[in-house]
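Here is how the chains run, residue by residue.
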Amino acid sequence: MSKVLDQKDCSIIEILDSDGRASLSEIGKEVGLTGPAVGERLRRLREIDCIDGFGVRLDLHALGYTIFALVRIKPRSGQLRAVEQMIQDQPRFMSCDRVTGEDCYVARLALVTIAELDDILRPFHDRAETHTSIVKSSIFTPRLPPLVPRD
């Protein structure tokens, strides 16, 4: 972390991570600040790019996505940019990382049925090798790494 965070900043971020709808006054009570002071800290954290936005966590199962897959993708020679664009253009890919090793990308895919997998990956086969693993269960959902104050 190259940005300077104190203990109150870390506590504010942790509270928002667990309850993104917590009011400034509720957060302030927990960290010993006024609501406006919390708002000012959040503004500063956004300005220094420690917080880059706010969002919502969805229950994808409730929305019909019952199957998740990890897809390792290795573009064929000369196809790197085209494959990257294909990944970006396919909305079922929820995330994608460039990685070292045999493959160039590891992506997470949301599916309603297993049959969709062929339809989604078929266009890639002329330009890349794909290797897919179906997610049986998740041990935990994305979480914050430990936040260390840098007073």
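What counts and what doesn't
Residues numbered from 1 in each chain as written. Predicted model: local features only at pLDDT ≥ 70, side-chain atom pairs only at ≥ 80, totals over all residues. Heavy atoms only, no water. Phe/Tyr/Trp six-rings, centres within 6.5 Å; stacked < 30°, edge-to-face > 60°. Helix = DSSP H or I, 4+ residues; strand = E, 2+ residues; numbered from the N terminus. Buried < 20%, exposed > 50% of the residue type's maximum accessible area, 1.4 Å probe, protein only. Lys NZ or Arg CZ within 6 Å of the ring centre and 35° of its normal. Pairing = 2+ DSSP bridges. Axes fitted to C-alpha atoms, helices over the stretch in contact; angles between N-to-C directions.

Caption draft 1: Examining the packing of aromatic side chains more closely. Counted by the stated rule, this structure contains one aromatic pair. With a centroid separation of 5.8 Å and an interplanar angle of 85°, the aromatic rings of Phe 93 and Phe 124 are classed as edge-to-face. Of this pair, Phe 93 sits in strand E2 (residues 93-98) while Phe 124 sits in the loop between helix H5 (116-121) and strand E4 (128-134), and the two are 31 residues apart along the sequence. Both residues of the pair, Phe 93 and Phe 124, belong to the buried class. Across the ring face of Phe 140, the terminal group of Arg 143 is positioned such that the distance to the ring centre comes to 3.6 Å.

Caption draft 2: Structural context of the sheet that holds E4. In spatial order, the strands read E2-E3-E1-E4; together these four strands make up an open sheet with antiparallel pairing. The sheet terminates laterally at E2 and E4, the two strands that pair on one side only. Put simply, the sheet's adjacent strands are angled 20° from each other on average, direction ignored. With seven bridges joining them, strand E1 (residues 67-75) and strand E3 (residues 105-111) adopt antiparallel strand pairing. What sits directly across from Phe 68, in E3, is Ala 110.

Distances and angles like these do not, on their own, reveal function.
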